[in-house]
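Breakdown of the fold
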Amino acid sequence: TQLLEQSPQFLSIQEGENLTVYCNSSSVFSSLQWYRQEPGEGPVLLVTVVTGGEVKKLKRLTFQFGDARKDSSLHITAAQPGDTGLYLCAGWWVETSGSRLTFGEGTQLTVNP
Amino acid sequence: EAGVAQSPRYKIIEKRQSVAFWCNPISGHATLYWYQQILGQGPKLLIQFQNNGVVDDSQLPKDRFSAERLKGVDSTLKIQPAKLEDSAVYLCASSFTAGGYYEQYFGPGTRLTVT
């Protein structure tokens, strides 16, 4: 199983601040997904990045896939309390048995009003 | 479109007892996943089905965990006997097929407490 390391593990900031969450690996992934999970619910997909160097924006969230497809970042501009949640990166790779997936450990974000 | 259904939502059992979880994926989704998520951690894949065949069960503790996917639709995950360290949320997810181009839709999970 390929490993994904997320940092920081915990992040507590004030409303209006900017933040970046990192997802790193020594392995190459065919694609990488970011999910957000709220208490008592399952994760919900935010974005999928496929091409090395790809940047995608979702309102105040900017996602980037590293050139070598081994790492990714999530940047939130002007964070709001509604952004609070567990942010998870998940990397896909391909084996002879099919496509496989691994999740990072997550970043718990708290945005204080 | 109905989402992924799971039951029960909560379960409390004593160690060495057995427990079963049920999952009904989104209609038409060929791939079904079971994850174990310990509090504060990311989900860990236990088993992945493609239709009714197992694609990946490398992280499933096969001495106590078992799973099946009936007729390529519903799935059950069983633990027998349970240990204290099995306390976690068990998430079921489904996707149209496997691969990073396809979104996984997650159910709300079953929170298991083993005492």
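Cut-offs used in this document
- Residues numbered from 1 in each chain as written.
- Chains lettered and ligands numbered in written order.
- Predicted model: local features only at pLDDT ≥ 70, side-chain atom pairs only at ≥ 80, totals over all residues.
- Heavy atoms only, no water.
- Helix = DSSP H or I, 4+ residues; strand = E, 2+ residues; numbered from the N terminus.
- Rg over C-alpha atoms; globule rule 2.2 N^0.38 Å.
- Buried < 20%, exposed > 50% of the residue type's maximum accessible area, 1.4 Å probe, protein only.
- Contact = heavy atoms within 4.5 Å.
- Salt bridge = Lys/Arg side-chain N within 4 Å of Asp/Glu carboxyl O.
- Polar contact = N/O pair within 3.5 Å; in protein donor to acceptor, adjacent residues only side chain to side chain.
- Pairing = 2+ DSSP bridges.
- Axes fitted to C-alpha atoms, helices over the stretch in contact; angles between N-to-C directions.
- Disulfide = S-S within 2.5 Å.

This paragraph deals with the overall build of chain A. If you tally the helices and strands in chain A, you get zero helices and 11 strands. Taken from N to C terminus, the helices and strands of chain A fall in the order β-β-β-β-β-β-β-β-β-β-β. The C-alpha radius of gyration of chain A comes to 14 Å, within 12% of the 13 Å expected for a compact globule of 113 residues. Principal axes of the C-alpha set define a box for chain A whose edges measure 50 × 30 × 20 Å. Expressed as a percentage of its 113 residues, the buried residues of chain A come to 46%. Considering only contacts within chain A whose residues lie at least 6 apart along the sequence, 54% involve residues at least 24 apart.

Contacts between chain B and chain A engage 25 residues on the former and 23 residues on the latter. Where chain B touches chain A, the interface holds one salt bridge. Measuring nitrogen to oxygen at the nearest pair gives 2.7 Å for the salt bridge that ties R100(A) to D56(B). Linking chain B to chain A there are five residue pairs in polar contact (both at pLDDT 80 or more). Residue assignment for the side of chain B that touches chain A shows that the elements contributing at least two residues are β4 (31–37), β5 (44–50) and β6 (53–56) of chain B.

This next bit is on the pairing of strand β5 (residues 44–49) of chain A. All names here are of chain A. Sheet topology places strand β4 (residues 31–37) next to β5; five bridges connect them, and they run antiparallel. What sits directly across from Q33, in β5, is T48. In sequence, β4 turns back onto β5 through a hairpin of six residues, with G40 there showing a positive phi of about 80 degrees.

A separate point is the sheet that holds strand β6 (residues 55–58) of chain A. Residues and elements named next belong to chain A. Here five strands make up an open sheet; going across it, the order is β1-β3-β8-β7-β6 and the pairing antiparallel. Bordering the open sheet on either side are β1 (5–7) and β6, each of which pairs with just one other strand. Mean inter-strand twist for the sheet, computed between neighbouring axes without regard to direction, equals 15 degrees. Looking at chain direction, strand β7 (residues 61–65) and strand β8 (residues 71–76) are connected through five bridges and run antiparallel.

Turning our attention to the sheet that holds strand β1 (residues 5–7) of chain B. Residues and elements named next belong to chain B. In space, the four strands of this open sheet follow the order β1-β3-β8-β7, with antiparallel pairing throughout. Each of the sheet's edge strands pairs with one partner strand only, and the pair in question is β1 and β7 (65–69). Recorded for the sheet is a direction-independent mean angle of 15 degrees between the axes of neighbouring strands. Note that β7 and strand β8 (residues 75–79) share five bridges and pair antiparallel. Residue pairing across strands places E68 opposite T76, the latter belonging to β8.

Before going further, it helps to examine the state of the cysteines. Note: disulfide means a covalent bond formed between the sulfur atoms of two cysteine side chains. Scanning all chains against the criterion turns up two disulfides over all chains. Shown here is the disulfide that connects C23(A) with C89(A), its sulfur atoms set 2.1 Å apart. Taking the torsion about the S-S bond as the criterion, the C23(A) to C89(A) disulfide, at about 80 degrees, is right-handed. A residue pair is termed long-range when its members are at least 10 positions apart, and C23(A) in strand β3 (residues 19–24) and C89(A) in strand β9 (residues 85–95) qualify at 66 residues. Of the residues examined, C23(A) reaches a relative accessible area of 0% and is grouped as buried. Linked covalently through their sulfurs, C23(B) and C92(B) form a disulfide whose S-S length is 1.9 Å. Across the disulfide from C23(B) to C92(B), rotation about the S-S bond amounts to roughly -70 degrees, and the bridge is consequently left-handed. Of this pair, C23(B) sits in strand β3 (residues 19–24) while C92(B) sits in strand β9 (residues 88–95), and the two are 69 residues apart along the sequence. Exposure remark for C23(B): the relative accessible area of 0% places this residue in the buried category.

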